[in-house]
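Residue-level structural notes
Next come the chains, spelled out residue by residue.
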Amino acid sequence: MDSPSNRSHHLDDLLTPEQASKMLMVTEGTLAVWRSTGRYELKYVKVGRWVRYRYGDLLDFLNRRTLTQVS
(Lines give C-alpha, C1' and ligand atoms only; values in the text may rest on other atoms or scores of the structure.)
Protein backbone atom coordinates (compact mmCIF):
# COMPACT_ATOMS: atom_id res chain seq x y z
CA MET A 1 0.00 0.00 0.00
CA ASP A 2 1.29 3.44 -0.88
CA SER A 3 1.99 5.90 1.90
CA PRO A 4 1.53 9.68 1.70
CA SER A 5 5.28 10.12 1.49
CA ASN A 6 5.94 7.94 -1.55
CA ARG A 7 3.28 8.99 -4.04
CA SER A 8 1.47 12.16 -4.96
CA HIS A 9 -2.10 12.63 -3.81
CA HIS A 10 -5.09 14.53 -5.09
CA LEU A 11 -6.96 16.68 -2.58
CA ASP A 12 -9.97 14.31 -2.57
CA ASP A 13 -7.94 11.12 -2.06
CA LEU A 14 -9.02 9.18 1.02
CA LEU A 15 -6.26 8.07 3.38
CA THR A 16 -6.48 5.40 6.04
CA PRO A 17 -5.94 6.36 9.68
CA GLU A 18 -2.51 4.72 9.41
CA GLN A 19 -1.55 6.93 6.46
CA ALA A 20 -3.01 10.04 8.12
CA SER A 21 -1.15 9.36 11.37
CA LYS A 22 2.15 9.08 9.48
CA MET A 23 1.46 12.32 7.63
CA LEU A 24 0.62 14.17 10.87
CA MET A 25 3.34 12.37 12.86
CA VAL A 26 0.95 11.21 15.58
CA THR A 27 -0.29 7.75 16.50
CA GLU A 28 -3.49 6.21 15.20
CA GLY A 29 -4.65 6.21 18.80
CA THR A 30 -4.20 9.98 18.97
CA LEU A 31 -6.37 10.38 15.87
CA ALA A 32 -9.03 8.19 17.49
CA VAL A 33 -8.99 10.38 20.62
CA TRP A 34 -9.25 13.54 18.51
CA ARG A 35 -12.25 12.05 16.68
CA SER A 36 -14.04 11.01 19.85
CA THR A 37 -13.39 14.20 21.82
CA GLY A 38 -13.52 16.75 19.02
CA ARG A 39 -10.33 18.25 20.44
CA TYR A 40 -9.15 19.47 17.04
CA GLU A 41 -11.18 20.44 14.01
CA LEU A 42 -9.93 17.64 11.80
CA LYS A 43 -12.49 16.44 9.27
CA TYR A 44 -12.87 12.76 8.51
CA VAL A 45 -15.19 10.49 6.54
CA LYS A 46 -17.02 7.77 8.47
CA VAL A 47 -19.20 5.06 6.97
CA GLY A 48 -20.05 2.36 9.49
CA ARG A 49 -16.75 1.43 11.12
CA TRP A 50 -14.73 2.67 8.14
CA VAL A 51 -12.78 5.91 8.80
CA ARG A 52 -10.82 7.84 6.20
CA TYR A 53 -9.26 11.30 5.93
CA ARG A 54 -9.25 13.44 2.80
CA TYR A 55 -5.73 14.41 1.85
CA GLY A 56 -6.80 18.03 1.31
CA ASP A 57 -8.35 18.18 4.81
CA LEU A 58 -5.08 16.97 6.32
CA LEU A 59 -3.19 19.68 4.42
CA ASP A 60 -5.68 22.30 5.66
CA PHE A 61 -5.25 21.04 9.22
CA LEU A 62 -1.46 21.40 8.96
CA ASN A 63 -1.72 24.83 7.33
CA ARG A 64 -3.96 26.11 10.15
CA ARG A 65 -1.28 25.08 12.61
CA THR A 66 1.65 26.63 10.76
CA LEU A 67 3.03 29.48 12.83
CA THR A 68 5.42 32.26 11.98
CA GLN A 69 7.67 33.54 14.72
CA VAL A 70 7.36 37.30 15.03
CA SER A 71 10.33 39.13 16.58
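Everything below is about the structure shown above.
These lines cover the structure that appears in this document, whether it is placed above or below.

The rules behind the values
Residues numbered from 1 in each chain as written. Predicted model: local features only at pLDDT ≥ 70, side-chain atom pairs only at ≥ 80, totals over all residues. Heavy atoms only, no water. Helix = DSSP H or I, 4+ residues; strand = E, 2+ residues; numbered from the N terminus. Buried < 20%, exposed > 50% of the residue type's maximum accessible area, 1.4 Å probe, protein only. Contact = heavy atoms within 4.5 Å. Areas by Shrake-Rupley, 256 points an atom, 1.4 Å probe, with all protein chains shown as cover. Lys, Arg positive; Asp, Glu negative; His and termini not counted. Salt bridge = Lys/Arg side-chain N within 4 Å of Asp/Glu carboxyl O. Phe/Tyr/Trp six-rings, centres within 6.5 Å; stacked < 30°, edge-to-face > 60°. Lys NZ or Arg CZ within 6 Å of the ring centre and 35° of its normal.

**Side note on the overall build of the protein chain**
Within the protein chain, the secondary structure is distributed over three helices and three strands. The linear arrangement of helices and strands in the protein chain, starting from the amino end, is β-α-α-β-β-α. Residues counted as buried form 34% of the 71 residues belonging to the protein chain. Considering only contacts in the protein chain between residues 6 or more positions apart, those separated by 24 or more positions represent 46%. If you sum the accessible surface of the protein chain, you get close to 5300 Å²; carbon and sulfur atoms cover 50% of it.

**A short note on the side chain of R52**
Residue position: R52 is located in strand β3 (residues 50–54). Buried charged residue R52 carries no salt bridge. Nearest counter-charge: E28, at 8.6 Å. Among all residues touching R52, those that are not within four sequence positions of it are L14, L15, T16, P17, Y44 and V45.

**Re the packing of aromatic side chains**
Taken as a whole and judged by the stated rule, the model has four aromatic pairs. Ring centres 5.7 Å apart and planes at 45° place the aromatic pair W34 and F61 in the tilted group. With W34 in helix α2 (residues 28–37) and F61 in helix α3 (residues 55–64), the pair connects residues that are 27 residues apart, well separated along the chain. Each member of the pair, W34 as well as F61, is classed as buried. Both rings, one in Y44 and one in Y53, keep their centres 6.2 Å apart while their planes meet at 50°; by these two values the pair is tilted. Of the aromatic side chains, those joined through ring pairs into one cluster are W34, Y40 and F61. Here the guanidinium or amino end of R35 rests over the ring plane of Y44, the centre of that ring lying 5.8 Å away.

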